[in-house]
Every structure is written in structure tokens, then in C-alpha cells.
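# An overview of the molecular structure
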Amino acid sequence: SLCRESFSTMADETRIDLNSPRWDQSTLSGRLKHFFAITDSRLSLKSDADVDKAVEIVEAYKRGEAVEGYSTEQLWAAKHLVDSAVHPDTGEKMFWLGRMSFQVPGGMLLTGAMLAWYRTFAAVFFWQWVNQSFNAVVNYTNRNAKSTVTDRQAAVAYTSATSAAMVVALSFRTVTKRAPPLFQRYAPFAAVAAANCINIPLMRQREVVDGILVTNEEGEELGYSKHAAKKAVSQVSLSRITMAAPGMLLLPIFMEYLEKKPLYRVSVL
């Protein structure tokens, strides 16, 4: 009996907690590691069957069932796949184009396209529309499901952000028409920044009006806060612009250099 009790205690101690992130979320390094784990671009290649299997494994382990053949690393890998592909509020699989794991490849392709094809109004119009459509999918996929957004509100946010992006991009192009080509390449960044300042607040307007649920460290609900909602929306808008800045501010310099190469002019232009 004593042996069985000791074995049970040791087994409990070796079990990991899949109800929480792997790393301490009270530290910056812990939050970064968690973010990198669930935004790993390789996760966007996983099939629905892979996601369903990961959900099955994680849920079974949470219930205390024995999961044979899975190491600690494999269990965490399943947990990260679930966190990246399943909405935390609804428990439903998210559309793969809107998952955060697709942000890097999707964003790279669109940024490259906007920086490469910018010379004509038609090209600027088309790629800004594609980019804002992609952003709308991402915002809707990762929305706060506890704060309902009507189809009309989503349509208004999408239309407003897309219109703003196009107006800013085309206006920027007109103003810099006689400027060196390098300056014209910064039109996409100006458009993206303007669109984010419109799209995100409109998509999350319900939270700003009603507030978001605030909990304490124990997870107890304290009530709804409009101040927290406004702070969250402003931080998300700023972070989206900040994340886009390095690529869209530095890549134009590289693109300007690359465009002068014969291979690029033949294959792209």
C-alpha cells in the first residue's frame, strides 16, 4: 500500500499542466516563448486530422487518462497545436488563413507583393484590397467571441479599413509621384498603419462600448471594464503597426537594390 501510494505521488509529480501555458506568463521571456510556440509557421501546415488528434490527446490528458506513447515534448507539441488552431472561447477550429501561425508566411507574401507592384494605381488598389481582406480574416478569426460582433459591424469595419488603406496609399503615391522610387515604396506602410487604426477599433467596438471581462489572479470574474477595453484595443492597434514596421520600412531599401538586378527585372517586371 505504501509503495502504491509512493508510486502515485511520483506519477502526479511528473504530470505536466496542460491547462496553462508551458512557460511562466508573468515574465517577458515566458510570454515570448509561448508566442513563438503558437505562431510557429509549421503549425499552419497541419491538417484538420492532425488538429483533431491533438485535441483528443490534450483533452484526454487533462482528464487524467493515460496517453500511451507520448513523451513530454510530444504532449507540449500537441498543446501548442491546439492553442494555435482552436479558438479559446468557442473551442472550434479556426480558419487556417486566419490563424496566427499563418501570419509570417501570409504577411511576407503580401508585403513583398505590395512593395514589388506599386507603380500603377490598379496595382496599389488591388494589393491593398487583398491585404485588408487578409487582415479582416485574421481579425475575425481571432476575435473575442465573448463580445459579439454583428455581420453589419464586421462589414462596416472591413469596408472602412479597406477604403482608408486605398485612399492613404493612392494619396501617398500621388504626393510622392516626383519623389525617388524609394519613397513611393513606403506607401503600403502608411496605408497599413491607417487601416489598423480604423479596422481594429471598429471590429472590437462592442468591447469598447460594453467593456471587457476582468478577472483576478485566481480567475474570479470582477466585472466589465471599458478602460481595460480601450487600453487593449489601442495596444493591439499599436502592436500591429509595430510588427509591420521593420519589414515595411527596411525592405524597400532592399527592394530598391534588388530591382536594379537584371534577373529581377526579367522575372518580375
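The sections below set out a description of the structure shown in this document. (Residues numbered from 1 in each chain as written. Predicted model: local features only at pLDDT ≥ 70, side-chain atom pairs only at ≥ 80, totals over all residues. Heavy atoms only, no water.)

## Some thoughts on the overall build of the protein
Secondary structure assignment for the protein yields 12 helices and 2 strands. Seen in sequence order, the protein has helices and strands lined up from the N terminus as α-α-α-α-α-α-α-α-α-α-β-β-α-α. With the principal axes as the frame, the protein shows a C-alpha extent of 85 × 50 × 30 Å. By the burial criterion, 36% of the 269 residues in the protein qualify as buried. When contacts within the protein are restricted to residue pairs at least 6 apart in sequence, those whose partners lie at least 24 apart make up 70%. With an accessible surface of roughly 16,200 Å², the protein has 62% of that area assigned to carbon and sulfur atoms. Averaging the locations of the 30 positively and 26 negatively charged side chains of the protein gives two centres separated by 15 Å. (Helix = DSSP H or I, 4+ residues; strand = E, 2+ residues; numbered from the N terminus. Buried < 20%, exposed > 50% of the residue type's maximum accessible area, 1.4 Å probe, protein only. Contact = heavy atoms within 4.5 Å. Areas by Shrake-Rupley, 256 points an atom, 1.4 Å probe, with all protein chains shown as cover. Lys, Arg positive; Asp, Glu negative; His and termini not counted. Charge placed at Lys NZ, Arg CZ, Asp CG, Glu CD.)

## Quick look at the pattern of salt bridges
The tally for this structure, following the rule as stated, stands at 6 salt bridges. In this structure, the salt-bridge partner of Glu73 is Arg22, at a minimum N-O distance of 2.5 Å. In this pair, Glu73 is assigned in helix α4 (residues 72-85) and Arg22 in the loop between α1 (2-14) and α2 (28-38), connecting sequence segments 51 residues apart. For the salt bridge of Glu65 with Arg63, the shortest nitrogen-to-oxygen distance reads 2.9 Å. (Salt bridge = Lys/Arg side-chain N within 4 Å of Asp/Glu carboxyl O.)

## Considerations on the side chain of His87
Mapped onto the secondary structure, His87 falls in the loop between α4 and α5 (103-116). His87 gets classed as buried once you look at its relative accessible area, which sits at 6%. Of note is the side chain of His87, whose polar atom sits 3.0 Å from the backbone nitrogen of Asp89. (Polar contact = N/O pair within 3.5 Å; in protein donor to acceptor, adjacent residues only side chain to side chain.)

It is worth stressing that arrangement in space is one thing and function is another; only the former is reported here.
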